[in-house]
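# Examination of the molecular architecture
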Amino acid sequence: QVQLVESGGGLVQPGGSLRLSCAASGSTLDYYAIGWFRQAPGKEREGVSCISGSDGSTYYADSVKGRFTISRDNAKNTVYLQMASLKPEDTAVYYCAAGLWATMRSGPYRYWGQGTQVTVSS
């Protein structure tokens, strides 16, 4: 079984940076693809970025491409989402998820964290 815990969220000004962490326990993350998703109030959950467990390939939503970077440190059993040039529209609860294949769709992911709030405001 895999347990996921997100951390690193908070309040940041537009243009600022923030790094989110997804720490796993119960199993090593190197077997899994990891996806980052976000959900703003009143809106559907959307895929932000994901990284493959097989070859390390990364994928990004068009809205964050060039600003966000996903990475993994298998020795620490942790996946990161480095967010830069943050905009107010990035405000949401951010979730990490683990599954067998890297996809921007939420359905195939088996394990989910509790989420961490990111607020971008001046």
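Just so you know, these numbers come straight off a predicted model, no measurement behind them.

Rules used in this analysis
Residues numbered from 1 in each chain as written. Predicted model: local features only at pLDDT ≥ 70, side-chain atom pairs only at ≥ 80, totals over all residues. Heavy atoms only, no water. Buried < 20%, exposed > 50% of the residue type's maximum accessible area, 1.4 Å probe, protein only. Helix = DSSP H or I, 4+ residues; strand = E, 2+ residues; numbered from the N terminus. Phe/Tyr/Trp six-rings, centres within 6.5 Å; stacked < 30°, edge-to-face > 60°.

## Here's the deal with unusual backbone geometry
Although it is not a glycine, Asn-77 sits at a positive phi angle of roughly 55°. Overall, Asn-77 belongs to the buried group, its relative accessible area being 13%. The phi angle at Ser-85 is positive, at roughly 50°, despite the residue not being glycine. Inspection of the secondary structure puts Ser-85 in the loop between strand E8 (78-83) and strand E9 (92-99). What makes Ser-85 partly exposed here is its relative accessible area of 41%.

## Section: the packing of aromatic side chains
For the structure shown, the criterion picks out four aromatic pairs. Pairing Phe-37 with Tyr-109 gives two aromatic rings, centres 5.3 Å apart and planes at 75°, and the pair type is edge-to-face. With Phe-37 in strand E4 (residues 33-39) and Tyr-109 in the loop between E9 and strand E10 (111-112), this residue pair connects regions lying 72 residues apart in the sequence. With relative accessibility at 1%, the residue Phe-37 sits in the buried group. The interplanar angle of 75° and the centroid separation of 6.3 Å between the aromatic rings of Tyr-109 and Trp-112 together place this pair among those described as edge-to-face.

Limitation: the analysis is restricted to geometry and does not speak to function.
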